[in-house]
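Structure at a glance
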Amino acid sequence: MKVLAINGSPHPSGSTATALRLVAEELLARRIEVEIVHVGLDAVRGCTACGHCRQPGVHGCVFTDDPVNACLEKARESDGILLGSPVYYGGIAGTMKCFLDRFFYAGAHLRYKVGAALVCLRRSGGVGAMQQLYNYLNLAQTVLPPTQYWPVAHGSGQELMRDAEGVQTLQTLGRNMAWLLQNLAEGGKTVPQPAHIQRVWTNFI
Ligand SMILES: Cc1cc2nc3c(=O)[nH]c(=O)nc-3n(C[C@H](O)[C@H](O)[C@H](O)COP(=O)(O)O)c2cc1C
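So, here's what we can say about the structure. Note that the structure is a prediction, hence the values are computed from the model and not measured. (Residues numbered from 1 in each chain as written. Predicted model: local features only at pLDDT ≥ 70, side-chain atom pairs only at ≥ 80, totals over all residues. Heavy atoms only, no water.)

Bringing the overall build of the chain into the picture now. Scanning the chain from terminus to terminus reveals five helices and six strands. In sequence order, the secondary structure elements of the chain are arranged as β-α-β-α-β-β-α-β-α-β-α. Taken over the C-alpha trace, the chain has a radius of gyration of 17 Å; the compact-globule value for 205 residues is 17 Å, and the two agree within 12%. In terms of overall dimensions, the chain has C-alpha extents of about 50 × 40 × 35 Å along its principal axes. The buried share of the chain, taken over its 205 residues, is 46%. For the chain, long-range pairs separated by at least 24 residues make up 75% of all intrachain contacts whose partners lie at least 6 apart in sequence. (Helix = DSSP H or I, 4+ residues; strand = E, 2+ residues; numbered from the N terminus. Rg over C-alpha atoms; globule rule 2.2 N^0.38 Å. Buried < 20%, exposed > 50% of the residue type's maximum accessible area, 1.4 Å probe, protein only. Contact = heavy atoms within 4.5 Å.)

As structure tokens, then:
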């Protein structure tokens, strides 16, 4: 089994990367492979709502000059998705927002994969940013593992390791994610995924 982890921080060795690694260690200890992709330093366009990705037979975003399509392909081969972002002004980092809007709008194949998320911050605004990440995971119909607390870890850079409860929360998230991945893999042998139904799309008019 494999988990694709996406780091939305511009710092490949910052607190978000440290937090992702704490979760990854728990997964690796249970023989679940983890690939961490750092997107926070890339030039990533926002979604232009062109509808290209929703056309029949199209798998991916019309823009091919940033990591979105490569990550969609990696996600196709993965059983789980782990999102990590620093908190910027009470929300997720801007580059991560641009990345996730396009990744999830084009990511119909993420349905029923395990989805987990974490945010890192210095002081305040973590729960709002977490909720932003959960919005993507929920609407993609991913399956979220339980956590002992919201996975919001405090401290810049390696300071994060001094947030004992935050570290424990991330480790619990990793263990629970592994448990859920293993259960879905086992259960999937006897219980099929729900049949896909054509989506109803009504505006509030
Ligand atoms: C533009 C910007 C906005 C930030 N906004 C917040 C904030 O709203 N709340 C907070 O606690 N920390 C805020 N921070 C601090 C970062 O969230 C914090 O340093 C985080 O640990 C950085 O993660 P990284 O090391 O993975 O990049 C902000 C930092 C930057 C650069």
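Remark: helix α3 (residues 94–105) packs on helix α4 (residues 126–139), axes separated minimally by 10 Å, with the N-to-C direction vectors making an angle of 15°. As far as their axial angle goes, α4 and α3 are roughly parallel. Like other packed secondary-structure pairs, α3 and α4 cross with a definite hand, here left-handed. Counting all contacts with α3, which are made through K97, L100, D101 and F104, the residues of α4 involved are Q132, L133, Y136 and L137. Counted by class, the contact of α3 with α4 contains five nonpolar, one polar and two charged residues. (Axes fitted to C-alpha atoms, helices over the stretch in contact; angles between N-to-C directions. Parallel < 35°, antiparallel > 145°, perpendicular 65-115°, else oblique. Left-handed = near helix turned anticlockwise from the far one by under 90°. Nonpolar A, V, L, I, M, F, W, Y, C, P; charged D, E, K, R; others polar.)

We now examine a nonpolar patch on the surface. A grouping of V127, Y149 and W150 is seen on the molecular surface, where their side chains present a nonpolar patch of about 320 Å² in accessible area. Among the structural elements, Y149 can be located in the loop between α4 and β6 (152–154). In this structure Y149 comes out as partly exposed when scored by relative accessible area, which is 47%. (Patch = residues over 30% accessible without salt bridge, like charges linked within 9 Å, V, L, I, M, F, W, Y side chains within 5 Å. Areas by Shrake-Rupley, 256 points an atom, 1.4 Å probe, with all protein chains shown as cover. Salt bridge = Lys/Arg side-chain N within 4 Å of Asp/Glu carboxyl O.)

On to the nonpolar core. Among the nonpolar cores identified, the biggest contains 35 residues, and I6, L83, M96, F99, L100, F103 and F104 are the most heavily contacted of them. Looking at this core, the elements with two or more residues in it are β1 (2–7), α2 (68–76), β3 (80–88), α3, β5 (114–121) and α4. When residues of this core are assigned to their parent elements, the largest contribution, six residues, is made by α4. Contacts of L100, omitting those with residues within four sequence positions, involve L83, I92, Y105, L133 and Y136. Listed in part, the 24 residues of the second largest apolar core include V34, L82, L118 and C120. (Core = buried A, V, L, I, M, F, W, Y, C linked by side-chain atoms within 4.5 Å.)

Next up on the list: the packing of aromatic side chains. Evaluation of the coordinates by the stated rule reveals four aromatic pairs. Ring geometry for Y149 versus W150: centroids 5.4 Å apart, planes at 70°, classification edge-to-face. Given the relative accessible area of 43%, W150 is considered partly exposed. Each member of the aromatic cluster is reached from another via a ring pair, and the members are F99, F103, F104 and Y136. (Phe/Tyr/Trp six-rings, centres within 6.5 Å; stacked < 30°, edge-to-face > 60°.)

Okay, unusual backbone geometry next. The phi dihedral of Y89 falls on the positive side, at around 50°, and the residue is not glycine. If you trace the backbone, Y89 turns up in the loop between β3 and β4 (91–92).

With respect to spatial proximity, 17 residues lie near the ligand, and among them S9, H11, T16, R123 and S124 are the closest. Contacts to the ligand include S9, whose side-chain N or O atom sits 2.7 Å from an oxygen atom. For the ligand, whose accessible area on its own is 650 Å², the fraction buried by protein is 75%. Those elements giving two or more residues to the shell around the ligand turn out to be α1 (15–28), β3 and β5. Sort the elements by how many residues they give to the shell around the ligand and β3 lands first, with three residues. Its residues placed into classes, the shell around the ligand shows six nonpolar, nine polar and two charged. (Near = heavy atom within 4 Å. Polar contact = N/O pair within 3.5 Å; in protein donor to acceptor, adjacent residues only side chain to side chain.)

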